[in-house]
Amino acid sequence: MSKGVGNFIKRVSFCLWIAMVGCSGYGILQKQEVSRIPDAPYERIIQLENPEGAPDRTLAGVVHATGKATVCADYPRQRVIKSLDDLEKPEKQAFAHFQNYAIRDGDETLGYVSVPVEYGVNIWRRDTDPVCKYSVQILPPRHRPGQTDYQDAVQGSTSW
């Protein structure tokens, strides 16, 4: 099978999966990038940890929940912190350069998520889940849909 046909099949399969998820009470909210996270009291701040990362890469993200609705993250290693002051010094320095997104449903802001620039984010609304109505899905750099593990490899004749 040629590479183009394989990629086409993967994309069609992914679109069908998204359509099925949309019919089952799940939906992806549109990402809305913001320049910074407002200084406000938050009900919960969730630190997403990456213990295998280099000293300046141990922070995989931060989710700020306002408390207007239940917001959670799917990241495997997470802990609730009281404020950003609980972060280690290298994490605070890295956090200053993260991308920030608002978790919005219509006109209501439910929280914010901050991730490193190379990470991706999906924000899911689950109408049938009262425990976690809004879920933040973190996509590490090598695990984005449609991207293979080899895309970060150097492309050239000497990389064989």
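As a reminder, the structure under discussion sits directly above these lines.
Rules used throughout
- Each chain carries its own residue numbering, running from 1 in the written order of its sequence.
- With pLDDT at 70 or above as the cut-off, local features in this predicted model cover only qualifying residues; side-chain atom pairs require 80 or more to be listed or tallied, and sums for whole chains, interfaces and linings still use all residues.
- Hydrogen atoms and water are omitted, and side-chain values are computed over all heavy atoms in the structure.
- Two strands are counted as paired when DSSP detects at least two bridges linking them.
- Starting at the N terminus, helices and strands are each numbered in turn, a helix being any DSSP run of H or I of at least four residues and a strand any DSSP run of E of at least two.
- Axis lines are fitted through C-alpha atoms, for helices just across the contact stretch, and the angle between N-to-C directions can take any value from 0 to 180 degrees.
- Exposed residues in this analysis have more than 50% of their type's maximum accessible area, buried residues have under 20%, and partly exposed residues fall in between, with area computed by a 1.4 Å probe over protein chains only.
- Of the two site types, the cavity is a set of points on a 1 Å grid over the protein atoms alone where a 1.4 Å probe fits but cannot get out, and the pocket is an open set with protein on both sides within 12 Å along at least five of seven lines, each lined by residues with an atom within 4 Å of a point.
- Grid points are joined across faces, edges and corners, and a volume is the space filled by probe spheres set on the points.
- Gly is put with the polar residues, along with every residue not named as nonpolar or charged; the nonpolar set is Ala, Val, Leu, Ile, Met, Phe, Trp, Tyr, Cys and Pro, and the charged set is Asp, Glu, Lys and Arg.
- Two rings from Phe, Tyr or Trp (for Trp, the six-membered ring) form a pair when their centres sit within 6.5 Å of each other. Planes less than 30 degrees apart are called stacked, planes more than 60 degrees apart edge-to-face, and all others tilted.

Student: What is the right way to read the sheet that holds strand β8 (residues 108-115) from this model?
Tutor: Strand order in this open sheet of 6 strands is β2-β7-β8-β4-β3-β6, and the pairing throughout is antiparallel. Every other strand in the sheet has two partners, leaving β2 (32-34) and β6 (78-81) as the edge strands with one partner each. The average angle at which neighbouring strand axes cross in this sheet is 25 degrees, direction not considered. The sheet contact formed by strand β3 (residues 44-49) and strand β4 (residues 59-65) spans 6 bridges and is antiparallel.

Student: Hey, could you run me through the pairing of β4 in this one?
Tutor: The side chains of a regular strand alternate, first on one face of the sheet and then on the other. The buried count for β4 comes to 7 of 7 residues, which makes it a mostly enclosed element. Looking at chain direction, β4 and β8 are connected through 4 bridges and run antiparallel. Each bridged residue has a counterpart across the sheet, and for A65 the counterpart in β8 is G111.

Student: Explanation requested: the layout of surface pockets in the structure shown.
Tutor: One simple way to see leftover space: roll a probe sized like a water molecule over the atoms. Quantified by volume, the second largest pocket comes out at close to 220 Å³. Together, 16 residues line the second largest pocket, and I37, D39, H64, L84 and F95 are the ones closest to its centre. Broken down by class, the residue content of the lining of the second largest pocket amounts to 10 nonpolar, 3 polar and 3 charged.

Student: Could you clarify how one ought to interpret the packing of aromatic side chains in this entry?
Tutor: Two numbers describe a pair of aromatic rings. These are the distance of the centres and the angle of the planes. Enumeration according to the criterion identifies 2 aromatic pairs in this entry. With a centroid separation of 6.4 Å and an interplanar angle of 85 degrees, the aromatic rings of Y42 and Y112 are classed as edge-to-face. Taken as a pair, Y42 in the loop between β2 and β3 and Y112 in strand β8 lie far apart in primary sequence, 70 residues in all. Residues Y42 and Y112 agree in their burial class; the two are buried.

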